[in-house]
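Residue-level listing of the chains:
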Amino acid sequence: MIVAKRKPLAEIAANLQKVNKLLIVGCNTCVAVCLAGGEKEVAVLASALRLALRQTNPTIQITQRCVERQCEEEFNEVLTEDVAACDVVLSMACGVGVQTMAEQFPDKIVYPALNTSFMGRPLERGVWSERCAGCGNCVLDKFGGVCPIARCSKNLLNGPCGGSANGKCEVDPENIDCAWQLIYDRLKRIGQLDRLLEIEPPKDWSTSRHGGPRKIVREDMVL
Amino acid sequence: MKSGSKLERILASGHFAVTAELGPPKGPNLEVVERKMQLLTGVCDAINVTDNQTAIVRLSSVATCAILAQRGLEPVMQMTCRDRNRLAIQADVFGAVALGVRNLLCLTGDHQCFGNHPTAKNVYDLDSIQLIRMIARMRDEGRTEGGEEVDGAVPLFIGGAANPFGDPFEMRVIRLAKKVAAGVDFIQTQCIFDMARFKEWMKRVVDQGLHEKVYILAGIMPLKSAGAARYINSNVAGIYVPEPLVKRMAAAGRGKAAQAEGMKLAAETIQEVREIEGVRGVHIMAVEWEEAIRPIVEMAGLLPRPVVE
């Protein structure tokens, strides 16, 4: 899923000093699961903003809404009246949701309340970790199901750098596992250590963001 | 001969090679380069010029190497994958060759979080093994990574790094084997303090016959003090100074006395690695302490340096 984190309150409030009517819109999908932008977080942010703005913008009116999937226009249609009535939309969705709102309501100011961080999964309560970089050409078959592009700090494809120690990455030994230690352990476990001897050629990055913004068209599904 | 570089000729003729490292200044101050060149002249066979080492911006490796080459010194240009994509690397390699560089050390490069621009975007379009293979193809097949013909020869002696002290240990010989398969000619290892582990790694290297396919230069770093050793242990992943060495440095005291002990220890390390099968030379990394190199090489009995045809 998409994992996000709320922006610092001061940064959000800085954009709202002259706003009379604010609409905060949460999203009940990924960002609700990672406790960043669901219904509860919308309520918490609304209260926090009232407090933060009580000196500089005490008359601000805040409306709270939450939709199922902010990244799809049909789920946002219920917001039409609320959007029309507000000056600014503060989206608590991921960057996709924020842009969907901006595209769907082109005359309205839309601000993000979250920092969209990565595609990952929960490891334990309150902890999420990156797993996929969306490179557009999955290589997990070669690396025992551990992605060196998303999980090695240098996205190395031919083994660990010299900074792997005790299973940890030198970039942040407290928080980052060395992806190549994980790859090595996993390939050993599934009897595929011979894969480590193959030289992985330079990656074709054209399927990733480096090839420009991406779009998928399924001719069989297009109406 | 693959490149005809002086370093290749030294190694091919069976001499125990000595290379040393020159860190360029944090700006275009040629006086620093001049001073370091003087310190290294006549004490080593080739001089590695670092490439924004530890991700700190410095006078470029290409430019510094060109200056060395103009003075008749033998540069080993270090090239990392951190700051350049495959286009920039190839262009800079062409430039370096055109300016007289004949040795290239292919590195992945320290992560930018350790340097003075931690908010920078890194590149890592290639890794060091892919870089080695790209350069070997440019030299041996006259082709760029993209497959086009290279206009002119690329006579480079291709180097790589190896860290016998990183984890997983089993991967360390595999990595070396991959570098050999990719076309590496010589290896400069990470600084050796943990001699037992280095010997174990070399034993595995020799068991696989890799020492006959690649020249291995053992990495030597003189310690300035016990504090420097402790700093390495707590801040540099993948290098470890065993406690007895830290104690030996501490017992030597401070300042000049500690420095003298550090140089002595480095010379002893050189003598010890020289006895290990498969070690064909040493690479001395005296970070911002190039003054130490001459006395170390002298104490190790490796002066004068040989002259090759």
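Everything numeric here is computed off the predicted structure, so don't read it as measured data. (Residues numbered from 1 in each chain as written. Chains lettered and ligands numbered in written order. Predicted model: local features only at pLDDT ≥ 70, side-chain atom pairs only at ≥ 80, totals over all residues.)

## Concerning the overall build of chain A
Stage number 1. The helix and strand tally for chain A stands at eight helices and nine strands.
Stage number 2. A compact globule built from 223 residues should have a C-alpha radius of gyration of about 17 Å, whereas chain A, at 22 Å, is more than 25% larger.
Stage number 3. Projected onto its principal axes, the C-alpha positions of chain A cover 65 × 50 × 25 Å.
Stage number 4. Going through the 223 residues of chain A one by one, you find that 35% of them count as buried. (Helix = DSSP H or I, 4+ residues; strand = E, 2+ residues; numbered from the N terminus. Rg over C-alpha atoms; globule rule 2.2 N^0.38 Å. Buried ≥ 20, exposed ≤ 12 C-beta atoms within 10 Å, placed from the backbone.)

## Let's talk about the interface of chain A and chain B
Stage number 1. Across the boundary between the two partners, chain A contributes 27 residues, which contact 28 residues of chain B.
Stage number 2. Sorting the residues of the side of chain A that touches chain B by element identifies β8 (164-165) and α8 (179-189) of chain A as the ones contributing at least two each.
Stage number 3. The element best represented in the side of chain A that touches chain B is α8 of chain A, accounting for three residues.
Stage number 4. Across the side of chain A that touches chain B, the residue classes tally to 15 nonpolar, 10 polar and two charged. (Contact = placed C-beta atoms within 7 Å. Nonpolar A, V, L, I, M, F, W, Y, C, P; charged D, E, K, R; others polar.)

## A word on the packing of helix α8 (residues 226-235) of chain B against helix α9 (residues 243-251) of chain B
All names here are of chain B.
Stage number 1. At their nearest, the axes of α8 and α9 sit 8 Å apart, and the two run at 150° to each other. Accordingly, the angle class assigned to the pair α8 and α9 is roughly antiparallel. Every residue of α9 that contacts α8 at Ala226, Ala229 and Arg230 is listed here: Leu245, Val246, Met249 and Ala250.
Stage number 2. Each residue belonging to the contact of α8 with α9 can be placed in one class, and the counts come to six nonpolar, no polar and one charged. (Axes fitted to C-alpha atoms, helices over the stretch in contact; angles between N-to-C directions. Parallel < 35°, antiparallel > 145°, perpendicular 65-115°, else oblique.)

## With respect to helix α3 (residues 39-52) of chain A
Residues three or four positions apart in an α-helix share a direction because the helix packs 3.6 residues into each turn.
Residues and elements named next belong to chain A.
Stage number 1. The end-to-end C-alpha distance of α3, which contains 14 residues, comes to 20 Å, matching closely the 20 Å that a straight helix rising 1.5 Å per residue would cover.
Stage number 2. Here α3 has its buried residues at Glu41, Val42, Leu45 and Leu49. Seen end-on, α3 carries its buried residues on one side only, within an arc spanning 100°. Away from its buried face, by an angle of more than 90 degrees, α3 presents the exposed residues Lys40, Val44, Ser47 and Leu51. (Expected span 1.5 Å × (residues − 1). Arc of directions from axis to C-beta.)

## Some thoughts on the packing of helix α5 (residues 128-140) of chain B against helix α6 (residues 169-182) of chain B
All names here are of chain B.
Stage number 1. Two numbers describe how α5 lies on α6: the axes approach to 8 Å, and their chain directions differ by 20°. Judged by the inter-axis angle, α5 sits roughly parallel to α6. In the packing of α5 onto α6, the handedness of the crossing is right-handed. Along the contact surface, α5 presents Ile129, Ile132, Arg133 and Ala136, while α6 presents Lys178, Lys179 and Ala182.
Stage number 2. Of the residues contributing to the contact of α5 with α6, the split by class is four nonpolar, no polar and three charged. (Left-handed = near helix turned anticlockwise from the far one by under 90°.)

## Side note on the pairing of strand β5 (residues 109-112) of chain A
Every regular strand shows the same layout, with side chains that alternate between the two sheet faces.
All names here are of chain A.
Stage number 1. Side-chain alternation along β5 places Val110 and Pro112 on a buried face and Ile109 and Tyr111 on a face that remains uncovered.
Stage number 2. Sheet topology places strand β4 (residues 88-91) next to β5; four bridges connect them, and they run parallel. Along β5, the bridge assignment pairs Val88 with Ile109.
Stage number 3. For the handedness criterion, the β-α-β arrangement of β4, helix α6 (residues 95-104) and β5 is classed as right-handed. (Pairing = 2+ DSSP bridges. Right-handed = clockwise from strand over helix to strand, strands pointing away.)

## Thoughts on the environment of Val184 of chain B
Residue and element names in this part refer to chain B.
Stage number 1. Relative to the assigned elements, Val184 resides in the loop between α6 and β6 (186-191).
Stage number 2. Taking the C-beta count within 10 Å as the criterion, Val184 has 28 such neighbours and is therefore assigned buried.
Stage number 3. Separated by 80 residues in sequence, Val184 and Leu104 place their C-alpha atoms 10.0 Å apart.
Stage number 4. Ignoring sequence-local partners within four residues, the contact set of Val184 consists of Ile132, Ile158, Gly159, Gly160, Lys179 and Val214.

## Section: the sheet that holds strand β3 (residues 61-67) of chain A
Residue and element names in this part refer to chain A.
Stage number 1. Pairing is parallel in the open sheet, where four strands are placed in the order β3-β2-β4-β5. One side of each edge strand has no neighbouring strand; the edge strands of this open sheet are β3 and β5. Averaged over all pairs of adjacent strands, the angle between strand axes in this sheet comes to 25°, irrespective of strand direction.
Stage number 2. Of the strands in this sheet, β2 (21-27) and β3 are in contact with α3, which crosses β3 at around 170°.
Stage number 3. Sitting on the sheet, α6 touches β2, β4 and β5, and the angle it makes with β5 is about 175°.

## Quick word on helix α7 (residues 195-207) of chain B
Residues and elements named next belong to chain B.
Stage number 1. Over its 13 residues, α7 runs 18 Å from end to end, which matches the ideal 18 Å to within 8%, given 1.5 Å per residue.
Stage number 2. The complete set of buried residues in α7 reads Phe198, Trp201, Met202 and Val205. Along the axis of α7, the buried residues cluster in a sector spanning 100°; they form a single face. Facing away from the buried surface of α7 by more than 90 degrees, the exposed residues are Ala196 and Asp207.
Stage number 3. In this structure, the buried residues of α7 make contact with α6 and β8 (279-284).
Stage number 4. Directly after α7, the chain includes Gly209, whose backbone phi takes a positive value near 75°.

## Details of the domain arrangement of chain A
Stage number 1. Under the domain assignment used here, chain A contains domain 1 (2-117) and domain 2 (133-210).
Stage number 2. A straight line from the C-alpha centre of domain 1 of chain A to that of domain 2 of chain A covers 37 Å. (Domains from an automatic or database assignment.)

## As for the environment of Arg6 of chain A
Residues and elements named next belong to chain A.
Stage number 1. Here Arg6 shows up in strand β1 (residues 2-6).
Stage number 2. The spacing of Arg6 and Ala43 is 37 residues in sequence and 13 Å in space, taken between C-alpha atoms.
Stage number 3. Ignoring anything within four residues of it in the chain, the contact list for Arg6 reads Ala36, Glu41, Ala113 and Leu114.

## Some points on the nonpolar core
Stage number 1. Ranked by size, the top nonpolar core spans 92 residues in total, and within it Leu104, Ile135, Ile220 and Ile293 of chain B carry the most contacts.
Stage number 2. Among the elements that line this core, the one with the most residues is helix α10 (residues 255-274) of chain B, at seven residues.
Stage number 3. When neighbours within four sequence positions are excluded, Ile220 of chain B is seen to be in contact with Cys191, Ile192, Ala266, Thr269, Ile270, Val282, His283, Ile284 and Met285 of chain B.
Stage number 4. Within the second largest apolar cluster, 36 residues are counted, among which are Ala4, Val31, Val67 and Ala113 of chain A. (Core = buried A, V, L, I, M, F, W, Y, C linked by C-beta atoms within 7 Å.)

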